[in-house]
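Structural overview for review
Residues per chain, in single letters:
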Amino acid sequence: PQLAFSLGKGLPLLEKTEPVSAWPELDVVFCCLPHATTQEIISQIPLEKTVVIDLSADFRLSDIKTYEEWYGEHKAPALQSSAVYGLTELNRDAVKSANLIANPGCYPTAAQLPLVPLLRAGLISSADITIDAKSGVTGAGRAPKTGTIFCEVADGMHAYSVAAHRHAPEIEQGLDAVCGEKTTVCFTPHLVPMSRGILETMYVKLAEGVTAADLKAELEKVYGEEPFVHVLPGAEVPHTRHVRGSNHVTMNVFADRIKGRAIIVSAIDNVVKGASGQAIQNMNVRFGFPETMGLEQVPMFP
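Structural notes, computed from the coordinates. (Residues numbered from 1 in each chain as written. Predicted model: local features only at pLDDT ≥ 70, side-chain atom pairs only at ≥ 80, totals over all residues. Heavy atoms only, no water.)

**A short note on the overall build of the chain**
Going by this rule: Runs of E in the DSSP output that reach at least two residues are strands. Runs of H or I that reach at least four are helices, and both are numbered from the N terminus. With C-alpha atoms as the basis for the radius of gyration, the globule rule is written as 2.2 Å multiplied by the number of residues raised to the power 0.38. Contact criterion: two residues are considered in contact whenever any of their non-hydrogen atoms come within 4.5 Å of each other.
Along its length, the chain carries 11 helices and 11 strands. Relative to its length of 302 residues, the chain is compact, with a C-alpha radius of gyration of 19 Å against a globular reference of 19 Å. Along the three orthogonal principal directions, the C-alpha set of the chain runs to about 60 × 45 × 40 Å. Long-range pairs, those at least 24 residues apart, make up 68% of the contacts in the chain with a sequence separation of at least 6.

Written out as structure tokens, the structure reads:
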């Protein structure tokens with residue numbers, strides 16, 4: 001609906017990928033396919049003429065061995081080095097010239113937006129990061145599964161993929177890049193009985209002489225001019241309902257009761273900023289459109 005509204009055109013008819021003969025005529029292709037499927041069909045797409053924005057995990061992990069450890073065989077390893085990780089606010093310059101953009105995962109988006117600037121500034125330790133994450137049911141996709149039907153999800157919540165979630169290495173890859181060393185985060189996701197939204201609470205160790213106020217000041221400096229990322233005032237706590245149906249991110253920093261530690265909370269809509277909205281944001285950056293184009297109205301399905 002974002003593209004149809006903002007460009008004033010109807011959406012094209014769906015076609016199977018096999019008979020598509022117009023790949024060279026397309027400016028951009030969004031791949032919203034099961035993991036490993038984009039790797040199979042991308043050979044049909046002339047990347048020198050057509051921009052591919054992939055919403056699966058197929059090209060998110062730059063290290064082939066790490067990818068295969070978590071997802072299985074990589075079927076297009078020769079293309080991996082040309083892929084740009086599309087967390088827009090943190091990699092905007094690279095997105096501007098990329099023809100293969102790997103759209104980030106939802107949990108990594110909510111985690112990296114606050115953590116990467118703080119690690120880059122040397123304000124927190126890379127050795128002691130815990131991420132407690134909670135997601136609505138749309139994070140599991142639309143395929144019918146026993147674990148996501150109403151009776152299994154309603155009136156309760158539970159952790160899943162404990163110490164084994166595929167987004168952990170994606171988060172660590174982003175943190176490694178800015179701190180110059182291998183990081184290992186303690187990351188545990190939880191499924192909560194709501195259709196959409198992600199709330200992440202991150203527990204960090206402060207660098208010597210640093211306060212929680214310093215962390216907040218750094219995030220305000222980094223994101224002060226960003227249209228979609230907002231550091232909340234005072235002690236205001238991020239709520240998933242405040243970003244529901246939008247491409248916005250809210251975050252805040254709080255001093256922990258434990259000396260030398262801080263708590264960071266961030267909220268996003270997993271379907272928009274955590275997926276399709278960020279894909280459109282990346283398209284806008286890549287083609288020089290206004291970055292907010294198509295992302296200022298509220299799509300409300302589901």
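Right, picking up where we left off after that structure.
**Structural notes on the sheet that holds strand β8 (residues 198–206)**
How we decide: For two strands to be treated as a pair, DSSP must find no fewer than two bridges joining them.
In spatial order, the strands read β6-β7-β5-β8-β11-β10-β9; together these seven strands make up an open sheet with mixed pairing. Bordering the open sheet on either side are β6 (158–159) and β9 (229–231), each of which pairs with just one other strand. In the sheet, strand β5 (residues 124–135) pairs with strand β7 (residues 186–191) via six bridges, with the strands oriented parallel. Bridging from a neighbouring strand, T130 pairs with C186 of β7.

**Focus on unusual backbone geometry**
Cut-off, in case you're wondering: Residue burial is assigned from relative accessible area. The probe radius is 1.4 Å, only protein chains are included, and a residue is buried under 20% of its type maximum, exposed over 50%, and partly exposed in between.
You will see that D155, though not glycine, has its phi angle at about 65 degrees, which is positive. Among the structural elements, D155 can be located in the loop between α7 (150–153) and β6. Residue classification places D155 among the exposed positions, given a relative accessible area of 82%. One non-glycine residue, S161, lies in positive phi territory at about 45 degrees. When you line up the elements, S161 lands in the loop between β6 and α8 (167–179).

**Focus on the packing of helix α6 (residues 106–120) against α8**
For clarity, the threshold we go by: To obtain each axis, a line is fitted to C-alpha atoms, and for helices this fit is confined to the stretch in contact; angles are then taken between N-to-C directions over 0 to 180 degrees. For classification purposes, angles smaller than 35 degrees are called roughly parallel, those larger than 145 roughly antiparallel, those between 65 and 115 roughly perpendicular, and all remaining angles oblique. Here a crossing is called left-handed whenever its near helix is offset anticlockwise from the far helix by less than a right angle, and right-handed whenever the offset is clockwise. When residue character is reported, Ala, Val, Leu, Ile, Met, Phe, Trp, Tyr, Cys and Pro are called nonpolar, Asp, Glu, Lys and Arg charged, and the others, Gly included, polar.
Closest axis-to-axis distance for the α6/α8 pair is 9 Å, and the angle between their directions is 20 degrees. When the axes of α6 and α8 are compared, the pair comes out roughly parallel. Handedness of the α6/α8 crossing: right-handed. Contact residues: α6 offers C106, Y107, P108, A111, Q112, L115, V116, L119 and R120, while α8 offers H167, E170, I171, G174, L175 and V178. Tallied by class, residues from the contact of α6 with α8 come to 10 nonpolar, three polar and two charged.

**Some points on the nonpolar core**
Stated precisely, the cut-off is as follows: Definition used in this section: a nonpolar core is a set of buried Ala, Val, Leu, Ile, Met, Phe, Trp, Tyr and Cys residues joined via side-chain atoms within 4.5 Å.
L115, I131 and L215 are the most contacted members of the largest nonpolar core, which has 38 residues in total. Among the secondary structure elements, those contributing two or more residues to this core are α6, β5, α8, β8, α9 (212–223), β9, β10 (249–255) and β11 (261–268). Among the elements that line this core, the one with the most residues is α6, at nine residues. Setting aside its immediate chain neighbours within four residues, L115 contacts I124, I129, I131, L175, M202, V204 and I264.

Distances and angles like these do not, on their own, reveal function.
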